[in-house]
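# Secondary and tertiary structure notes
Chain residues, written in single-letter form:
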Amino acid sequence: MSGVDRDIQCGNNFAKLYELGCFDEEFIVYGCGYFQNGEIMYLVSDDGDKVYRFRNESLRKHIYTTPVIMKLKSCQVSSGEQDNIRQNIKFELAKEIKAQYSEAYYRMIAQMDAVESNQQAERFLQEEQRNMEGYFDRSGVEQFEGLCNLAYEQKKISDIAYQQFYIWIKYAKRQMENDIVIKDDMRRIFYGLGYELNGQMGYFADAQAMNVYKKRENLLLQGAIVTPIISKEYWFKSINQLANIRKMFLSELQIYVDASYMKKTKKILQFASPYENLTEINNIEQLQKHEKEAMSIYQRMIGMSQRTN
């Protein structure tokens, strides 16, 4: 048997053994529990970006979640059984989340929904909008959108004001639909943010949205001032260009998220929080350690005890 024939035979043998389930296959799923309309539910998916995006947008939809939990499991899989095993692992993760987070945790974070907005940031955002009237810059509109989202998550603008801002944001984006975009063979969206920690400015960027969401939560826990997340679409010819495109995005991110944008982010954070007198959230002694940490993240997200210089 020639070397080529032997390689072909080895390949065929490997394929047969794989079909018989003689090798372990790795499964990764992500999930979180959430409280909506008085019910505890679970979102579990093998798409980590989907779950992290759901959590990141949850406050703007009056939904309150646990942190995202990842489950990795390796097991032998017979041919055609991948979907069934993946589904079982998803059920396992949902049960684990149920065991880790008590009903008291969900009830406590749901108290946030009853707090009325104080409209503290509305005049500031209206002035920012007026300054943009007449000309539209894609990065500027996205920055303004991020500030509106931040103010709404912290209940510093009303539902009506948020809707009015978004009508204008959609209008501004429509004006830019005819902008010339040179498309190529491959497309990738990069995500990033700026932050200030211990008086130092820093930046973080990644092509996976969930990595940026995770970084944001870790920074909030450390007490950092974190800007809203910025994203940008890139088209390119070869996967070999990806590293250079990431460097390009990081450079552009430092232009978009400059000292001026950090100052505007701080301005939103400095407005008085409507949550400060919410004793149900402040009194968290009854929760387990990991639930208290999850609550601390939420407190930072909604602007409770936020301090900026």
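Residues numbered from 1 in each chain as written. Predicted model: local features only at pLDDT ≥ 70, side-chain atom pairs only at ≥ 80, totals over all residues. Heavy atoms only, no water.

### Considerations on the overall build of the protein chain
In terms of helices and strands, the protein chain carries 12 helices and 8 strands. Each of the 309 residues in the protein chain was classed as buried or not, and the buried ones make up 45%. Residue pairs at least 24 apart in sequence account for 75% of intrachain contacts in the protein chain once pairs closer than 6 positions are excluded. Accessible surface computed for the protein chain: about 17,000 Å², of which carbon and sulfur atoms make up 46%. (Helix = DSSP H or I, 4+ residues; strand = E, 2+ residues; numbered from the N terminus. Buried < 20%, exposed > 50% of the residue type's maximum accessible area, 1.4 Å probe, protein only. Contact = heavy atoms within 4.5 Å. Areas by Shrake-Rupley, 256 points an atom, 1.4 Å probe, with all protein chains shown as cover.)

### Some details on the side chain of K71
With respect to the helices, strands and loops of the structure, K71 is situated in strand 4 (residues 69-76). Residue classification places K71 among the buried residues on the basis of a relative accessible area of 13%. Side-chain polar atoms of K71 contact the side chain of E96, separated by 2.7 Å. The contact partners of K71, leaving out residues within four places of it in the chain, are F27, I28, V29, I89, E92, L93 and E96. (Polar contact = N/O pair within 3.5 Å; in protein donor to acceptor, adjacent residues only side chain to side chain.)

### Comments concerning the environment of A209
The residue A209 is located in helix 8 (residues 209-221) in this model. Sequence-wise, A209 and S231 are 22 residues apart; in three dimensions their C-alpha atoms are separated by 9.0 Å. The contact partners of A209, leaving out residues within four places of it in the chain, are D49, R53 and Y191.

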